[in-house]
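Here is what each chain is made of, one letter per residue.
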Amino acid sequence: MLTLIAFVVVLGILVFVHELGHFLVAKRAGIQVDEFAFGYPPRLLRLWQQKGSIVLGGRRLVIGRRTRVSRDIEAGRRVVYSSQPTANGEDVITSIEPVPDDLSDAQAVERFGRAPVVVEDIQRGTEYTINLIPFGGYVRMLGEEDPRAPRSFASKSKRIRVAVLVAGAAMNIVLAVVVFSAMFMLGAPEPVAMDNVVVLGVAEGSPAAKAGLRTGDLIESMDGIAIRSTEELIALTSERLGRTVELGIKRGQETLTVTLVPRPDPPPGEGAMGVSIQAAISKVDITYYPPGEAIILGVKQTINTIALTFSVPLLIVRGILPAEAVRPIGPYGIYQQTASAVNATVQMGWWYPVLSLVGLISTALAITNLLPLPALDGGRILFILIEAVRGRRVSPAREGLVHFVGLAVLVGLMLIISYFDIIQPITAMDWTSLF
């Protein structure tokens, strides 16, 4: 139950901050925001509604915080309504209903007991809602693909539209900096001893690959000689080119022995054994950083995470990282990692596991949303760039269809990823192994 609550809270914070970015910039730009929602429908609760206004028969009336106005009611629509003056002189709508198009005015009077009037203008107040499915959220803006409404998203300039779309990812980057900064202030691991050598990647077809070495293996010895640094491993390997060597390997809790022959003339970009290595941390201390230094380190950590994300495809192509080690994960995979981090935080009384994971996911969410894929923010930005090049807008119907199909594909892909998360779970980080 604790893990489930933590998962919903973590995901909720990430989504809330992302949508808050869209919301704030949209409001600043004068775009009408109809709804700020956490979760996906069906709706559970309407927390709050800002005041709005509507012009009926030449009179501007106030849409109160408790007045429900159907989404069908737009400018040009016939409605019947009731209003009530307030102590401060405002006329507040108490009820309003759309009149069916097939009813004449006389028939409307007979059915509703009031004469219909035409809506001349409507400016809705933003609804703040909570929906049933907690894995997401959205900001519903007026006319996201239709520029005809004056305060619609689509009616704004290309620069404003791009700013609104980028704002969500930008807020996730800001959140990552804040979370990473808090992580360094509340205690981050600092290596104080480096013994053994860890395998970072294995080149395909190399002697190491044929011997069965894997990413994450610790190389503890060669021909019975203890290995305590990368320099020692490189020196011993250089002395044994073309000869069979025996490596002592530690893989998790298992100890193995493998044999291979280091190549005298390896391919360009590969070593004699065909592995990329670094010194393995054998002992760490917890270091608490002052706020100023923690913020600087938080910014650096965010930048490094972004840089590593973009370098992953190149590392896979070069054989430094195996593709299975960096496969995408869905909601269930995130839940598994959250469970590991929460359990470690509870057992160790240390916030680093949870904060590290939140910062990483927030950065990943920012990058993912800016990918030029339909239904994502990056896909919508792509349509704006196409508009800038063509000099005219893609038709709203066509753009809407592309985003709808793209959303269906993304949902299908997410289901496939979640399926593999269940049948082939990614090994969760063992945070206690740092000590």
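Reading the values: rules and limits
Along each chain, residues carry numbers from 1 onward, in the same order as the chain's sequence is written. pLDDT decides what is reported in this predicted model: residues at 70 or higher carry local features, side-chain atom pairs at 80 or more are listed and counted, and totals for whole chains, interfaces and linings draw on all residues regardless. Neither water nor hydrogens contribute to the side-chain values; these are computed over all heavy atoms in the structure. Only DSSP runs of H or I reaching four residues or more are called helices, and only runs of E reaching two or more are called strands; each is numbered from the N terminus. For the radius of gyration, the atoms used are the C-alpha atoms, and the globule rule reads 2.2 Å times the number of residues raised to 0.38. Buried means the residue's accessible area, taken with a 1.4 Å probe over protein chains only, is under 20% of the maximum for its type, while exposed means over 50%, and partly exposed covers the values in between. Contacts were defined at the residue level, with two residues in contact if any of their heavy atoms lie within 4.5 Å. Between 30 and 60 degrees the pair is tilted, below 30 it is stacked and above 60 it is edge-to-face, where a pair is any two Phe, Tyr or Trp rings, Trp via its six-membered ring, whose centres lie within 6.5 Å. Pairing between strands requires that DSSP locate at least two bridges from one strand to the other. Between N-to-C directions, angles cover 0 to 180 degrees, with each direction set by a line fitted to C-alpha atoms, over the stretch in contact for helices. Definitions for this section: a left-handed crossing has its near helix turned counterclockwise from the far helix by less than a right angle. A right-handed crossing has that turn clockwise. Ten residue types, Ala, Val, Leu, Ile, Met, Phe, Trp, Tyr, Cys and Pro, are classed as nonpolar, four, Asp, Glu, Lys and Arg, as charged, and the remainder, Gly among them, as polar. Each reported salt bridge corresponds to a side-chain nitrogen of Lys or Arg within 4 Å of a carboxyl oxygen of Asp or Glu. Patches here: salt-bridge-free residues with over 30% relative accessible area, like charges joined within 9 Å, nonpolar side chains (Val, Leu, Ile, Met, Phe, Trp, Tyr) joined within 5 Å. Here the Shrake-Rupley method, with its probe set to 1.4 Å, supplies the accessible areas, and only the displayed protein chains count as covering residues. As used in this record, nonpolar core signifies buried Ala, Val, Leu, Ile, Met, Phe, Trp, Tyr and Cys residues forming a set joined through side-chain atoms within 4.5 Å. Polar contacts here mean pairs of N or O atoms no more than 3.5 Å apart (in protein, one a potential hydrogen donor and the other a potential acceptor; neighbouring residues in sequence count only if both atoms are side-chain atoms). Multiplying 1.5 Å by the helix residue count minus one yields the expected span of that helix. Note on bend: at a given residue it equals the angle between the axes fitted to the 7 residues ending there and to the 7 starting there.

## Regarding the overall build of the chain
- A tally of helices and strands in the chain yields ten helices and 13 strands.
- Radius of gyration (C-alpha) of the chain: 29 Å, far over the 22 Å computed for a compact globule of 435 residues.
- Counting only C-alpha atoms, the chain reaches 100 × 50 × 40 Å along its principal axes.
- Burial analysis of the chain (435 residues in total) assigns 42% to the buried set.
- The long-range share in the chain, meaning contacts at least 24 apart out of those at least 6 apart in sequence, stands at 69%.

## Quick notes on unusual backbone geometry
- Between Pro41 and Pro42 the backbone carries a cis peptide bond, its omega angle lying at 15°.
- The topology assignment puts Pro42 in strand 1 (residues 33-49).
- Unlike most non-glycine residues, Asp223 shows phi in positive territory, near 50°.
- Locating Asp223 in the fold gives a position in the loop between strand 9 (218-222) and strand 10 (225-226).
- Phi is positive for Ala375, close to 80°, though the residue is something other than glycine.
- With respect to the helices, strands and loops of the structure, Ala375 is situated in the loop between helix 8 (352-369) and helix 9 (377-390).

## Examining the packing of aromatic side chains
- What the rule picks out here adds up to ten aromatic pairs.
- Measuring from centroid to centroid gives 6.0 Å for Phe23 and Tyr128, while their planes differ by 70°, and the two rings are edge-to-face. Residue Phe23 is located in helix 1 (residues 2-28), and its partner Tyr128 is located in strand 7 (residues 127-141); the two are separated by 105 residues in the primary sequence. Neither residue differs from the other here; Phe23 and Tyr128 are each classed as buried.

## A few points about the pairing of strand 4 (residues 78-85)
- Pairing analysis gives two bridges linking strand 4 to strand 6 (residues 117-123), with the strands arranged antiparallel. Among the inter-strand pairings, Val79 is bridged to a residue of strand 6, identified as Val117.
- As defined by bridge partners, strand 4 adjoins strand 5 (residues 91-98) across seven bridges and the pair is classed as antiparallel. Bridge pairing in strand 5 links Tyr81 to Ile96.
- Adjacent in sequence and paired antiparallel, strand 4 and strand 5 are bridged by five residues, among which Gly89 carries a positive phi angle near 90°.

## Observations concerning the packing of helix 1 against helix 7 (residues 331-348)
- In the contact formed by helix 1 and helix 7, the axes pass within 9 Å of each other and the chain directions differ by 115°. Of the two possible hands of crossing, helix 1 and helix 7 adopt the one that is right-handed. Facing helix 1, whose interface residues are Leu2, Thr3, Leu4, Ala6 and Phe7, helix 7 presents Pro331, Ile334, Tyr335, Thr338, Ala339, Val342, Asn343 and Val346.
- Taken together, the residues of the contact of helix 1 with helix 7 break down into ten nonpolar, three polar and no charged.

## Looking at the sheet that holds strand 2 (residues 52-56)
- One closed barrel holds the five strands; their spatial order is 2-3-5-4-6, and the pairing between them is mixed. Mean inter-strand twist for the sheet, computed between neighbouring axes without regard to direction, equals 50°.

## Things to note about the pattern of salt bridges
- For the structure shown, the criterion picks out 19 salt bridges.
- Asp121 is paired through a salt bridge with Arg60; the nearest N and O atoms lie 3.4 Å apart. You can see Asp121 sitting in strand 6 and its partner Arg60 sitting in strand 3 (residues 59-63), a full 61 residues away along the chain.
- For Arg240, the salt bridge goes to Asp223, with nearest N and O atoms at 2.8 Å.

## A few points about the environment of Asp195
- Mapped onto the elements of the fold, Asp195 is located in strand 8 (residues 188-202).
- Relative accessible area serves as the criterion here: at 34%, Asp195 is assigned to the partly exposed category.

## A word on a nonpolar patch on the surface
- A grouping of Tyr40, Leu44, Leu45, Leu47, Trp48, Leu132 and Ile133 is seen on the molecular surface, where their side chains present a nonpolar patch of about 690 Å² in accessible area.
- Those elements giving two or more residues to the nonpolar patch turn out to be strand 1 and strand 7.
- Along the chain, the position of Leu45 falls in strand 1.

## Description of the nonpolar core
- Ranked by size, the top nonpolar core spans 26 residues in total, and within it Leu14, Met183, Phe184 and Val358 carry the most contacts.
- Elements with a contribution of two residues or more to this core: helix 1, helix 3 (158-185), helix 7 and helix 8.
- A total of seven residues in this core trace back to one element, the largest contributor, which is helix 1.
- Apart from residues no more than four positions distant in its own chain, Leu14 is found in contact with Asn172, Leu175, Val358, Ile361, Ser362 and Leu365.
- Counting 18 residues, the second-largest nonpolar core is a separate cluster that includes Val202, Ile249, Val258 and Met273.

## With respect to the side chain of Arg263
- Within the secondary structure, Arg263 sits in the loop between strand 12 (254-260) and strand 13 (275-287).
- In this structure the side chain of Arg263 is engaged in a polar contact, spanning 3.0 Å, whose partner is the backbone oxygen of Gly271.
- Other than its neighbours up to four places away in sequence, Arg263 contacts Ser206, Pro207, Leu241, Glu270, Gly271, Ala272, Met273 and Gly274.

## Here's the deal with helix 3
- If you check helix 3, its first and last C-alpha atoms are 40 Å apart, about what 28 residues at 1.5 Å a residue would give, namely 40 Å.
- Along its length, helix 3 shows its largest kink, about 35°, at Ala167.
- Within two residues after helix 3, Gly187 carries a phi angle of roughly 115°, on the positive side.

## As for the side chain of Ser152
- You can see Ser152 is positioned in the loop between strand 7 and helix 3.
- You can call Ser152 buried: its relative accessible area is 0%.
- Those residues in contact with Ser152 that lie beyond four places of it in its chain are Ile31, Leu142, Gly143, Asp146 and Pro147.

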